[in-house]
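So you can see what is in the structure, the chains are spelled out below.
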Amino acid sequence: QKEVEQNSGPLSVPEGAIASLNCTYSDRGSQSFFWYRQYSGKSPELIMSIYSNGDKEDGRFTAQLNKASQYVSLLIRDSQPSDSATYLCALNDYKLSFGAGTTVTVRA
Amino acid sequence: ETGVTQTPRHLVMGMTNKKSLKCEQHLGHNAMYWYKQSAKKPLELMFVYNFKEQTENNSVPSRFSPECPNSSHLFLHLHTLQPEDSALYLCASSRGSGGPSSYNEQFFGPGTRLTVL
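Chain A puts 21 residues into the contact, and the matching count from chain B is 22 residues. Together chain A and chain B conceal approximately 1,700 Å² of surface at their shared face, both sides included; 54% is due to carbon and sulfur atoms. Contact with chain B buries surface across chain A, with Tyr94(A), Lys95(A) and Phe98(A) losing the most and accounting together for 25% of the total. Where chain A meets chain B, there are one salt bridge. Where Glu56(B) meets Lys95(A), a salt bridge forms, and the shortest distance between an N and an O atom there is 2.8 Å. Run the count over chain A and chain B and you get nine residue pairs in polar contact (both at pLDDT 80 or more). For the side of chain A that touches chain B, the secondary structure elements donating two or more residues are β4 (32-38), β5 (45-50), β9 (85-92) and β10 (96-98) of chain A. Of all the elements, β4(A) adds the most residues to the side of chain A that touches chain B, at four residues. Across the side of chain A that touches chain B, the residue classes tally to ten nonpolar, eight polar and three charged.

Right, here's the structure in full:
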(Lines give C-alpha, C1' and ligand atoms only; values in the text may rest on other atoms or scores of the structure.)
Protein backbone atom coordinates (compact mmCIF):
# COMPACT_ATOMS: atom_id res chain seq x y z
CA GLN A 1 0.00 0.00 0.00
CA LYS A 2 1.30 3.45 -0.90
CA GLU A 3 2.30 5.65 2.01
CA VAL A 4 0.34 8.71 3.01
CA GLU A 5 1.44 10.73 6.02
CA GLN A 6 -0.70 13.13 7.99
CA ASN A 7 -0.02 15.07 11.16
CA SER A 8 -2.42 13.49 13.66
CA GLY A 9 -2.92 16.75 15.52
CA PRO A 10 -4.99 17.71 17.32
CA LEU A 11 -5.23 20.99 15.46
CA SER A 12 -7.09 23.61 17.46
CA VAL A 13 -8.29 26.78 15.73
CA PRO A 14 -10.59 29.60 16.87
CA GLU A 15 -13.94 30.03 15.21
CA GLY A 16 -13.66 32.09 12.04
CA ALA A 17 -9.99 31.25 11.47
CA ILE A 18 -8.43 29.20 8.67
CA ALA A 19 -7.61 25.56 9.44
CA SER A 20 -4.76 24.19 7.35
CA LEU A 21 -4.26 20.44 7.03
CA ASN A 22 -1.40 18.78 5.21
CA CYS A 23 -0.73 15.38 3.77
CA THR A 24 2.48 14.09 2.19
CA TYR A 25 2.92 11.05 0.03
CA SER A 26 5.78 8.91 -1.14
CA ASP A 27 4.82 7.90 -4.69
CA ARG A 28 5.82 10.62 -7.15
CA GLY A 29 3.49 9.15 -9.76
CA SER A 30 0.34 9.65 -7.68
CA GLN A 31 -2.27 11.55 -9.62
CA SER A 32 -5.24 12.39 -7.46
CA PHE A 33 -6.46 12.62 -3.91
CA PHE A 34 -9.60 12.70 -1.83
CA TRP A 35 -10.36 14.38 1.47
CA TYR A 36 -12.82 12.73 3.81
CA ARG A 37 -14.33 14.17 6.99
CA GLN A 38 -15.17 11.80 9.85
CA TYR A 39 -17.15 12.95 12.85
CA SER A 40 -16.61 11.05 16.08
CA GLY A 41 -18.52 7.77 16.00
CA LYS A 42 -19.51 8.23 12.36
CA SER A 43 -18.20 6.97 9.02
CA PRO A 44 -16.00 8.96 6.60
CA GLU A 45 -17.74 11.40 4.27
CA LEU A 46 -16.19 12.53 0.98
CA ILE A 47 -15.82 16.31 0.96
CA MET A 48 -13.24 17.08 -1.74
CA SER A 49 -11.46 15.43 -4.63
CA ILE A 50 -8.53 16.87 -6.57
CA TYR A 51 -7.20 15.46 -9.83
CA SER A 52 -4.69 18.02 -11.05
CA ASN A 53 -1.94 20.27 -9.76
CA GLY A 54 -3.09 23.52 -8.21
CA ASP A 55 -6.08 24.64 -6.20
CA LYS A 56 -9.68 23.52 -6.18
CA GLU A 57 -12.26 25.47 -4.24
CA ASP A 58 -15.67 24.29 -3.02
CA GLY A 59 -17.46 26.63 -0.65
CA ARG A 60 -15.29 27.15 2.43
CA PHE A 61 -12.95 24.30 1.44
CA THR A 62 -9.88 24.58 -0.79
CA ALA A 63 -7.79 21.58 -1.74
CA GLN A 64 -4.26 22.16 -3.01
CA LEU A 65 -2.12 19.60 -4.83
CA ASN A 66 1.60 20.12 -5.34
CA LYS A 67 3.02 17.15 -7.21
CA ALA A 68 6.56 18.53 -7.32
CA SER A 69 6.72 18.69 -3.53
CA GLN A 70 4.47 15.63 -3.08
CA TYR A 71 1.94 17.17 -0.75
CA VAL A 72 -1.75 17.83 -0.74
CA SER A 73 -3.47 20.19 1.65
CA LEU A 74 -6.95 21.18 2.72
CA LEU A 75 -7.83 24.68 3.86
CA ILE A 76 -11.03 25.33 5.78
CA ARG A 77 -11.91 29.03 5.76
CA ASP A 78 -14.15 30.69 8.35
CA SER A 79 -13.93 27.58 10.54
CA GLN A 80 -17.09 26.67 12.42
CA PRO A 81 -17.56 24.43 15.47
CA SER A 82 -19.37 22.02 13.13
CA ASP A 83 -16.03 21.54 11.30
CA SER A 84 -14.63 19.79 14.38
CA ALA A 85 -13.86 16.31 13.09
CA THR A 86 -11.05 14.07 11.86
CA TYR A 87 -9.98 14.73 8.28
CA LEU A 88 -8.61 11.84 6.25
CA CYS A 89 -6.42 12.26 3.20
CA ALA A 90 -6.66 9.42 0.65
CA LEU A 91 -4.33 8.77 -2.28
CA ASN A 92 -6.41 7.70 -5.26
CA ASP A 93 -4.66 5.03 -7.26
CA TYR A 94 -6.08 1.66 -8.29
CA LYS A 95 -7.26 1.61 -4.68
CA LEU A 96 -7.38 4.22 -1.94
CA SER A 97 -4.55 4.57 0.56
CA PHE A 98 -5.64 6.51 3.63
CA GLY A 99 -3.61 8.59 6.04
CA ALA A 100 -4.23 8.22 9.76
CA GLY A 101 -6.20 11.47 9.86
CA THR A 102 -5.84 14.90 11.47
CA THR A 103 -8.23 15.80 14.28
CA VAL A 104 -9.46 19.38 14.12
CA THR A 105 -11.14 21.21 16.98
CA VAL A 106 -12.75 24.58 16.33
CA ARG A 107 -13.04 26.68 19.50
CA ALA A 108 -16.15 28.83 19.80
CA GLU B 1 -27.47 9.35 4.16
CA THR B 2 -24.97 8.13 1.55
CA GLY B 3 -27.05 5.38 -0.04
CA VAL B 4 -25.00 2.66 1.66
CA THR B 5 -26.61 0.82 4.56
CA GLN B 6 -25.05 -1.60 7.01
CA THR B 7 -26.57 -3.96 9.55
CA PRO B 8 -26.25 -4.51 12.39
CA ARG B 9 -24.90 -1.19 13.66
CA HIS B 10 -23.53 -2.79 16.82
CA LEU B 11 -22.50 -6.38 17.45
CA VAL B 12 -21.10 -8.12 20.50
CA MET B 13 -19.94 -11.68 20.01
CA GLY B 14 -17.95 -14.32 21.78
CA MET B 15 -14.89 -15.91 20.25
CA THR B 16 -16.77 -19.09 19.35
CA ASN B 17 -19.76 -17.38 17.71
CA LYS B 18 -20.56 -17.10 14.03
CA LYS B 19 -22.15 -13.89 12.80
CA SER B 20 -22.51 -11.97 9.55
CA LEU B 21 -22.35 -8.30 8.65
CA LYS B 22 -24.50 -7.05 5.80
CA CYS B 23 -24.01 -4.12 3.45
CA GLU B 24 -26.33 -2.85 0.74
CA GLN B 25 -25.81 0.03 -1.67
CA HIS B 26 -28.56 1.86 -3.55
CA LEU B 27 -26.27 3.94 -5.78
CA GLY B 28 -25.98 1.69 -8.81
CA HIS B 29 -22.28 1.22 -8.13
CA ASN B 30 -20.23 -1.72 -9.36
CA ALA B 31 -17.50 -1.94 -6.73
CA MET B 32 -17.85 -2.66 -3.02
CA TYR B 33 -15.30 -2.71 -0.23
CA TRP B 34 -14.80 -3.85 3.35
CA TYR B 35 -12.55 -1.76 5.62
CA LYS B 36 -11.49 -2.18 9.24
CA GLN B 37 -10.98 0.91 11.38
CA SER B 38 -9.23 0.53 14.73
CA ALA B 39 -8.53 3.37 17.13
CA LYS B 40 -5.59 5.59 16.13
CA LYS B 41 -4.87 3.54 12.99
CA PRO B 42 -5.45 4.33 9.32
CA LEU B 43 -8.34 2.68 7.56
CA GLU B 44 -7.33 -0.84 6.56
CA LEU B 45 -8.67 -2.18 3.28
CA MET B 46 -9.78 -5.80 3.67
CA PHE B 47 -11.57 -6.85 0.49
CA VAL B 48 -12.56 -5.40 -2.87
CA TYR B 49 -15.29 -6.68 -5.16
CA ASN B 50 -15.77 -5.38 -8.68
CA PHE B 51 -18.85 -6.55 -10.57
CA LYS B 52 -19.27 -9.13 -7.74
CA GLU B 53 -15.85 -10.65 -8.39
CA GLN B 54 -13.22 -10.41 -5.64
CA THR B 55 -10.26 -8.38 -6.89
CA GLU B 56 -8.42 -7.76 -3.64
CA ASN B 57 -7.83 -9.72 -0.45
CA ASN B 58 -5.44 -7.70 1.67
CA SER B 59 -3.95 -10.67 3.56
CA VAL B 60 -7.03 -10.95 5.74
CA PRO B 61 -7.21 -13.94 8.13
CA SER B 62 -9.56 -16.69 7.03
CA ARG B 63 -11.81 -16.12 10.05
CA PHE B 64 -13.20 -13.27 7.92
CA SER B 65 -15.06 -14.56 4.89
CA PRO B 66 -16.62 -12.15 2.39
CA GLU B 67 -19.51 -12.87 0.05
CA CYS B 68 -20.84 -10.72 -2.79
CA PRO B 69 -23.93 -12.26 -4.40
CA ASN B 70 -24.53 -9.22 -6.65
CA SER B 71 -23.23 -5.69 -7.14
CA SER B 72 -25.63 -4.27 -4.54
CA HIS B 73 -25.00 -6.60 -1.62
CA LEU B 74 -21.90 -7.50 0.34
CA PHE B 75 -21.55 -9.71 3.40
CA LEU B 76 -18.75 -10.35 5.85
CA HIS B 77 -19.05 -13.68 7.63
CA LEU B 78 -17.27 -13.88 10.96
CA HIS B 79 -16.24 -16.96 12.94
CA THR B 80 -13.85 -17.70 15.80
CA LEU B 81 -12.78 -14.07 16.05
CA GLN B 82 -10.20 -12.74 18.47
CA PRO B 83 -10.54 -9.78 20.86
CA GLU B 84 -8.11 -7.80 18.67
CA ASP B 85 -10.68 -8.00 15.87
CA SER B 86 -12.86 -5.57 17.80
CA ALA B 87 -13.16 -2.48 15.58
CA LEU B 88 -15.46 -0.47 13.35
CA TYR B 89 -16.13 -2.35 10.12
CA LEU B 90 -16.99 -0.11 7.23
CA CYS B 91 -18.50 -0.96 3.89
CA ALA B 92 -18.06 1.36 0.93
CA SER B 93 -19.04 1.44 -2.71
CA SER B 94 -17.86 3.24 -5.85
CA ARG B 95 -18.82 3.35 -9.49
CA GLY B 96 -15.79 1.28 -10.38
CA SER B 97 -12.33 0.45 -9.16
CA GLY B 98 -8.86 -0.04 -10.54
CA GLY B 99 -7.83 3.41 -11.67
CA PRO B 100 -7.07 6.89 -10.34
CA SER B 101 -10.30 8.42 -11.57
CA SER B 102 -13.53 9.74 -10.15
CA TYR B 103 -14.86 6.19 -10.48
CA ASN B 104 -12.87 5.47 -7.32
CA GLU B 105 -14.80 8.00 -5.20
CA GLN B 106 -15.99 5.81 -2.39
CA PHE B 107 -19.09 6.33 -0.30
CA PHE B 108 -19.21 4.73 3.10
CA GLY B 109 -21.96 3.12 5.09
CA PRO B 110 -22.45 3.96 8.78
CA GLY B 111 -20.36 0.99 9.92
CA THR B 112 -20.77 -1.90 12.33
CA ARG B 113 -19.14 -1.47 15.72
CA LEU B 114 -17.92 -4.98 16.58
CA THR B 115 -16.85 -6.08 20.04
CA VAL B 116 -15.34 -9.54 20.51
CA LEU B 117 -15.36 -10.81 24.07
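Looking now at the sheet that holds strand β7 (residues 61-66) of chain A. Residues and elements named next belong to chain A. Within the open sheet, the five strands sit side by side as β1-β3-β8-β7-β6. Their pairing is antiparallel. Among the strands making up the open sheet, the edge pair consists of β1 (4-6) and β6 (54-58). Here the strands of the sheet are splayed against their neighbours by 20 degrees on average, with no regard to which way each runs. Bridge analysis of β6 against β7 gives five bridges, and the strand direction is antiparallel. If you follow Asp-58 over to β7, its bridge partner there is Phe-61.

So, on to the packing of aromatic side chains. Considering all chains together, one arrives at ten aromatic pairs over all chains under this definition. Measuring from ring centre to ring centre gives 5.7 Å for Phe98(A) and Tyr35(B), while their planes differ by 90 degrees; the resulting arrangement is edge-to-face. Within this pair, whereas Phe98(A) is found in strand β10, its partner Tyr35(B) is found in strand β4 (residues 31-37), the two belonging to separate chains. Taking relative accessible area as the criterion, Phe98(A) reaches 6% and is therefore assigned buried. Look at Tyr35(B) and Phe108(B): their rings are 5.4 Å apart centre to centre, the planes differ by 45 degrees, and that puts the pair in the tilted class. With Tyr35(B) in strand β4 and Phe108(B) in strand β10 (residues 107-108), this residue pair connects regions lying 73 residues apart in the sequence. Under the relative-accessibility criterion, Phe108(B) is labelled buried at 1%. Through pairs of rings, three or more aromatic residues link up here, namely Phe34(A), Tyr36(A), Tyr51(A), Phe98(A), Tyr33(B), Tyr35(B) and Phe108(B). The ring of Phe61(A) has Arg60(A) lying over it, and the distance from NZ or CZ to the ring centre is 5.8 Å. The ring of Tyr103(B) has Arg95(B) lying over it, and the distance from NZ or CZ to the ring centre is 4.4 Å.

To continue, consider the environment of Gly96(B). Residue and element names in this part refer to chain B. Mapped onto the fold, Gly-96 is located in the loop between β9 (87-94) and β10. A relative accessible area of 9% places Gly-96 in the buried class. The sequence separation of Gly-96 and Gln-106 amounts to ten residues, and the corresponding C-alpha distance is 9.2 Å. If near-sequence neighbours (up to four positions away) are discounted, Gly-96 is found in contact with Ala-31, Tyr-33, Asn-50, Tyr-103 and Asn-104.

Conventions used here
- Residues numbered from 1 in each chain as written.
- Chains lettered and ligands numbered in written order.
- Predicted model: local features only at pLDDT ≥ 70, side-chain atom pairs only at ≥ 80, totals over all residues.
- Heavy atoms only, no water.
- Contact = heavy atoms within 4.5 Å.
- Buried area = accessible area lost by both parts, 1.4 Å probe.
- Salt bridge = Lys/Arg side-chain N within 4 Å of Asp/Glu carboxyl O.
- Polar contact = N/O pair within 3.5 Å; in protein donor to acceptor, adjacent residues only side chain to side chain.
- Helix = DSSP H or I, 4+ residues; strand = E, 2+ residues; numbered from the N terminus.
- Nonpolar A, V, L, I, M, F, W, Y, C, P; charged D, E, K, R; others polar.
- Pairing = 2+ DSSP bridges.
- Axes fitted to C-alpha atoms, helices over the stretch in contact; angles between N-to-C directions.
- Phe/Tyr/Trp six-rings, centres within 6.5 Å; stacked < 30°, edge-to-face > 60°.
- Buried < 20%, exposed > 50% of the residue type's maximum accessible area, 1.4 Å probe, protein only.
- Lys NZ or Arg CZ within 6 Å of the ring centre and 35° of its normal.

Scope: geometric values only; no functional claims are made or implied.
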